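Tertiary structure, described
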Amino acid sequence: MFSIRRIVIASVLALAMFGCSDDDAGGVSGVGGVKVVRTTYGIPHITADDYFGLGLGYGYAYAQDNYCVLMKEVVRANGRSALLLGDDGDIAADFVFGFYNTDDYINDEFIGSAPPDLQEVVAGYAAGMNRYLSETGADGLAEGPEGCRNAAWVREVSATDLGKVFRKLILRGSTEPLAPAIIAAEPPEQSTANVVRPGPQSFEFAATDLGLTPPTEMGSNAIAVGAEASQTGYGILLGNPHFPWAGVERFYMAHLTIPGVYDVMGASLHGVPVINIGFNENLAWSHTVSTARRFAFFELQILEDDPMSYVFDGEIRSIEALPVSAEITLEDGSIETRTETIYMSHLGPIVDIGGINEFVGGWPTAFGTVLAVADANLFNTAALVQWFEIGKAQNTDELDAALALLGVPWVNTIAADRRGRAYYGDVGAVPHVTTEKLELCANTALTGLLTSQGFPSLDGSRSECELGTDPGTRPGILGVENLPALDTATYVSNSNDSYWLSNADQLLEGFSPIIGAEDVQQSFRTRQGFVQIEERLAGSDGLGAPGFNVEHMQEMLYGNRNIGGELILSDVVSICSDVSDWSAYAENPDEAAAACAVLGNWGGRFDTTSVGSHIWQEFWRDVSRSGSFWVVPFDPEDPVHTPRELNVSDTAVVEGVKASVGAAADEIVRRGLPMDRPWGEVQYRLDGDERIPIHGGNASSMFSAISGRYVGDQGIANIRGGNSYIHTVTWDESECPDAFAVLTYSQSTDPASPHFADMTRVYSAEEWVDMPYCAQDIEAEKISEVVLFP
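Throughout what follows, the structure given in this document is the object of discussion. Just so it is clear, the structure is predicted and the values come from calculations on it, not from any experiment.

1. Examining the overall build of the protein chain
A tally of regular secondary structure across the protein chain gives 21 helices and 30 strands. A globule of 790 residues ought to have a C-alpha radius of gyration of about 28 Å, and the protein chain, at 27 Å, matches this closely. By its C-alpha atoms, the protein chain is 80 × 70 × 60 Å across when sized along the principal axes. Counting across all 790 residues of the protein chain, residues that qualify as buried make up 60%. Contacts in the protein chain between residues far apart in sequence, at least 24 positions, make up 69% of those at least 6 positions apart. When the accessible area of the protein chain is evaluated, it comes to approximately 28,500 Å², of which 48% is carbon and sulfur surface.

Next comes the structure, spelled out in structure tokens:
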């Protein structure tokens, strides 16, 4: 292991040829000078005279910690993963991104349409990445699971490469997961006249069948409190995205400053040259994954004797066949070029989603039709500009104005400001599918079926069913007046349910189903957040007088409360304690009895010292499969507190509880774990041989969410995602925001770095990094400094 000081010395020596000197290191000296100061835990603070320099410093600092992660994503975004990444390759994605991510489009439209300042940031970031590579060489790059030392695919990157990475990220909730369905589409070789049409019947499938529901490591919580709910009168924000702990969807903390022009601190997804979630002097914001669909299906009426033609407004239109090629490295090391065809209608590419149901997939479907998909983000060139402008906003009014760019691709925005306002909005790129259009155009058996299952689908044979456009908005997407938002002095909250319940006293209603559902049961995680908010506003949580301060926000996360336990634990313990013979419910009856005893003493939390959390997690996973077991059903008039009360008078429910306790005990025995093992010894992150305890639990009933997998008999040693970049931000009478944050997996993916797991230990201890935003605080926390010159 080496120290950050050694890194800086090496950097200074390497940069001598670029004019760096000890005199320069005292500040930003000379035109274009870029100062990179690192504070405790390796957080870089980049100060530059211009936007190119800002990008240069950020790209350089990022590369020091994570060069290989972004370089691998450059390979994927260029459609070369099957050629260069072996088992990590995805040839379907290669075909699709090779087709869409052309150099011409990226240069002329995606990057080329951005403001000059942003283009400079992107160019500078690429230059910073390349500066680092030139200093270290491929043989000096990181090793480990995310390393790429001496990899054949390591090379210099360009602004075009970065543009392709950004576009791939924007399509994360639409075209990217649909890539296999786009490539699977294949027209029949003969007439479709003999296709057997289905009779009336019920079709059921889930969003997960399309791969379009984010995995458990993709979610988030965010709460913003305004002056009326704050003990101080200032706004307060908790941002808690749940994202992967590996790969390019990790966050990276940074502070970007052009004095007097731009001053934003927070975190970006890897390779993004502006802050995605962060704060400035007067505003703090976060994001949560939205329920809004970012695409819509169209059902095309193809001709029986010509499946490459379809009817639109009574006229015949042709489906265009567009060949696309990708290279793949075979097992013997040889390279093969493969060619597929993307079939394009005027409404979008043809897709075959036959993997979910035999009737809805195929060409033709069982209804003699074919599906096309329209993606609201496919030509979204405003996303990077969007975050650039969010970072400049100084209050929620300016934030709302910035969001009118409609560049946010697949998340909600939650914010608080110094003056005491709280903001929620699902304001971004959403297909222009109104409630009225769904009523008019989801009028066939297939479109009705898909729409009822959460995939808005329209009749593709009529122009009146095409995506609409609102005045002043780019074609095909809903305008801001048709998107939900709330600016309030009380509070807002979102934990990945729809906009409907953003404030229990100010429900948002009357929006298109393509954005989300109204009057529906909320997730337990959403309910946990609102329960804690209500308790804090009433002062009934044992934490003092009513109203929030920043410490209360921190306790909401680090309290590690489990709403499932709060709702039914006492009843579960009462039921299992009455079992005298566990042999009917468990393969390991003695262990089942022990599990019940442990649950009787469990405190209902997922702290690292909690004993019984692993039993409850397995119990909840099993009992949740058994259907409804509540006395009080869901009530849209009381979404925070319903459903509730375990139906202990129902014999089937009681027997189901016993069976689930037995199943939990058997599963833990199968995992080779004792019933009384503390949670932090069950769930942990490895740093070499050190086991760092990780608190938080499965998002199905936890506000503080961690998603992990068991590794043999070693416990949950593979943390896949969940809590990631977390910040709590407020203000006082000083000019400096009062911000605390932690990056659960730390800054670097290099196991040899001192910043590979140092912040993980902070998270494990339920502590925070006091974020040094103002100059005097940065100086006090400084651990290294270097000046770069372009």
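2. So, the pattern of salt bridges
In total, this model carries 32 salt bridges according to the counting rule given. Here Arg-149 makes a salt bridge to Glu-143, at a shortest N to O gap of 3.3 Å. Among the ionic pairs, Arg-294 bridges to Asp-426, the shortest N-O distance being 3.3 Å. You can see Arg-294 sitting in the loop between strand E8 (283-289) and strand E9 (295-303) and its partner Asp-426 sitting in the loop between strand E17 (422-425) and helix H11 (435-441), a full 132 residues away along the chain. A single network of salt bridges, built from pairs that share partners, joins Glu-73, Arg-76, Lys-168 and Glu-176.

3. A look at the state of the cysteines
This structure, assessed with the given rule, holds four disulfides. Each sulfur of the disulfide joining Cys-441 and Cys-465 lies 2.0 Å from the other. Handedness here is read from the sign of the S-S torsion; for Cys-441 and Cys-465, about -85°, the answer is left-handed. Of this pair, Cys-441 sits in helix H11 while Cys-465 sits in the loop between strand E18 (457-459) and strand E19 (485-488); the two residues are 24 residues apart in sequence, bridging distant segments of the chain. A relative accessible area of 0% places Cys-441 in the buried class.

4. Thoughts on the packing of aromatic side chains
Under the definition given, this model contains 33 aromatic pairs. Each ring, one from Tyr-58 and one from Tyr-125, has its centre 5.5 Å from the other, and the planes form 85°; the classification is edge-to-face. Of the two residues, Tyr-58 sits in helix H2 (residues 51-77) while Tyr-125 sits in helix H6 (residues 116-136), which places them 67 residues apart along the sequence. Tyr-125 shares its class with Tyr-58; the two are buried. For the ring pair Tyr-105 and Phe-379, a centre distance of 6.0 Å and an interplane angle of 70° mean the geometry is edge-to-face. Within this pair, whereas Tyr-105 is found in helix H5 (residues 103-110), its partner Phe-379 is found in the loop between strand E15 (370-375) and helix H9 (383-392), the two being separated by 274 residues in sequence. With a relative accessible area of 54%, Phe-379 lands in the exposed category. A network of ring pairs unites the aromatic residues Phe-524, Trp-602, Phe-606, Trp-616, Phe-619, Trp-620, Phe-629, Trp-630 and Trp-679 as a single cluster. In this arrangement the basic side chain of Arg-685 is found over the ring face of Phe-756, its NZ or CZ atom lying 4.4 Å from the centre.

5. A word on the sheet that holds E19
Taking strand neighbours across the sheet as the criterion, the 10 strands line up as E19-E17-E16-E8-E7-E6-E5-E2-E1-E30 in an open arrangement whose pairing is mixed. Each having just a single partner strand, E19 and strand E30 (782-788) make up the two edges of the open sheet. Averaged over all pairs of adjacent strands, the angle between their axes in this sheet comes to 15°, without regard to strand direction. Examined bridge by bridge, E17 and E19 share four bridges and lie antiparallel to one another. Of the residues in E19, the one forming a bridge with Gly-425 is Ala-485. Its contacts with the sheet place H9 against strand E6 (262-269) and E8, and it is angled at close to 145° to E8.

6. Quick notes on a negative patch on the surface
A cluster of acidic residues, Asp-49, Asp-50, Asp-117 and Glu-120, forms a negative patch at the surface. Along the chain, the position of Asp-50 falls in the loop between strand E2 (43-48) and H2.

7. Let's talk about the side chain of Arg-294
A relative accessible area of 2% means that Arg-294 is categorised as buried. Only 3.4 Å separates the side chain of Arg-294 from the backbone oxygen of Ala-292, close enough to count as a polar contact. Among the polar contacts made by the side chain of Arg-294, one reaches the main-chain carbonyl oxygen of Ala-429 at a distance of 2.8 Å.

8. A look at the environment of Ala-402
Assignment of secondary structure puts Ala-402 in helix H10 (residues 396-403). Since its relative accessible area comes to 10%, Ala-402 is described here as buried. Residues Ala-402 and Cys-441, 39 residues apart in the sequence, show an inter-C-alpha distance of 33 Å. Ignoring anything within four residues of it in the chain, the contact list for Ala-402 reads Gln-386, Glu-389 and Ile-390.

9. A short note on helix H13 (residues 524-538)
Helix length check: H13, at 15 residues, gives a terminal C-alpha distance of 21 Å against a target of 21 Å (1.5 Å per residue), a fit within 8%. Most of H13 sits out of view: 11 of its 15 residues are buried. If you check which residues of H13 are buried, you get Phe-524, Arg-525, Thr-526, Arg-527, Gln-528, Gly-529, Phe-530, Val-531, Gln-532, Ile-533 and Arg-536. The first or second residue beyond H13 is Gly-539, which carries a positive phi of 70°.

10. Focus on helix H16 (residues 589-601)
Between its first and last C-alpha, H16 extends 19 Å over 13 residues, near the 18 Å set by a 1.5 Å rise per residue. For H16, the full list of buried residues reads Ala-592, Ala-595, Cys-596, Val-598 and Leu-599. Buried residues along H16 cover an arc of 165° about the axis, so they all sit on one side. Along H16, exposed side chains directed more than 90 degrees from the buried face belong to Asp-590 and Asn-601. On its buried face, H16 sits against helix H15 (563-577), helix H17 (613-623) and helix H18 (651-670).

11. A few points about the pairing of strand E1 (residues 34-39)
Taking burial as the measure, the six residues of E1 include six buried ones, the bulk of the element. Neither face of E1 is open: one carries Val-34, Val-36 and Arg-38, the other Lys-35, Val-37 and Thr-39, and all of them are buried. Alignment of E1 against E30, held across six bridges, turns out to be antiparallel. Residue pairing for E30: Val-34 is matched across the bridge by Leu-788. Counted between consecutive antiparallel strands, the loop separating E1 from E2 contains three residues, among which Tyr-41 sits at a positive phi close to 75°.

12. Quick word on the pairing of strand E3 (residues 219-225)
Burial analysis of E3 places seven of its seven residues in the buried class, the great majority of the element. Alternating residues of E3 divide into Gly-219, Asn-221, Ile-223 and Val-225 and Ser-220, Ala-222 and Ala-224, and every residue in both groups is buried. Bridging between E3 and strand E4 (residues 236-244) involves seven bridges; their strand directions are antiparallel. Following the sheet pairing, Ala-224 is matched in E4 by Leu-237. Alignment of E3 against strand E20 (residues 491-494), held across four bridges, turns out to be antiparallel.

Quick notes on the rules
- Residues numbered from 1 in each chain as written.
- Predicted model: local features only at pLDDT ≥ 70, side-chain atom pairs only at ≥ 80, totals over all residues.
- Heavy atoms only, no water.
- Helix = DSSP H or I, 4+ residues; strand = E, 2+ residues; numbered from the N terminus.
- Rg over C-alpha atoms; globule rule 2.2 N^0.38 Å.
- Buried < 20%, exposed > 50% of the residue type's maximum accessible area, 1.4 Å probe, protein only.
- Contact = heavy atoms within 4.5 Å.
- Areas by Shrake-Rupley, 256 points an atom, 1.4 Å probe, with all protein chains shown as cover.
- Salt bridge = Lys/Arg side-chain N within 4 Å of Asp/Glu carboxyl O.
- Disulfide = S-S within 2.5 Å.
- Phe/Tyr/Trp six-rings, centres within 6.5 Å; stacked < 30°, edge-to-face > 60°.
- Lys NZ or Arg CZ within 6 Å of the ring centre and 35° of its normal.
- Pairing = 2+ DSSP bridges.
- Axes fitted to C-alpha atoms, helices over the stretch in contact; angles between N-to-C directions.
- Patch = residues over 30% accessible without salt bridge, like charges linked within 9 Å, V, L, I, M, F, W, Y side chains within 5 Å.
- Lys, Arg positive; Asp, Glu negative; His and termini not counted.
- Charge placed at Lys NZ, Arg CZ, Asp CG, Glu CD.
- Polar contact = N/O pair within 3.5 Å; in protein donor to acceptor, adjacent residues only side chain to side chain.
- Expected span 1.5 Å × (residues − 1).
- Arc of directions from axis to C-beta.

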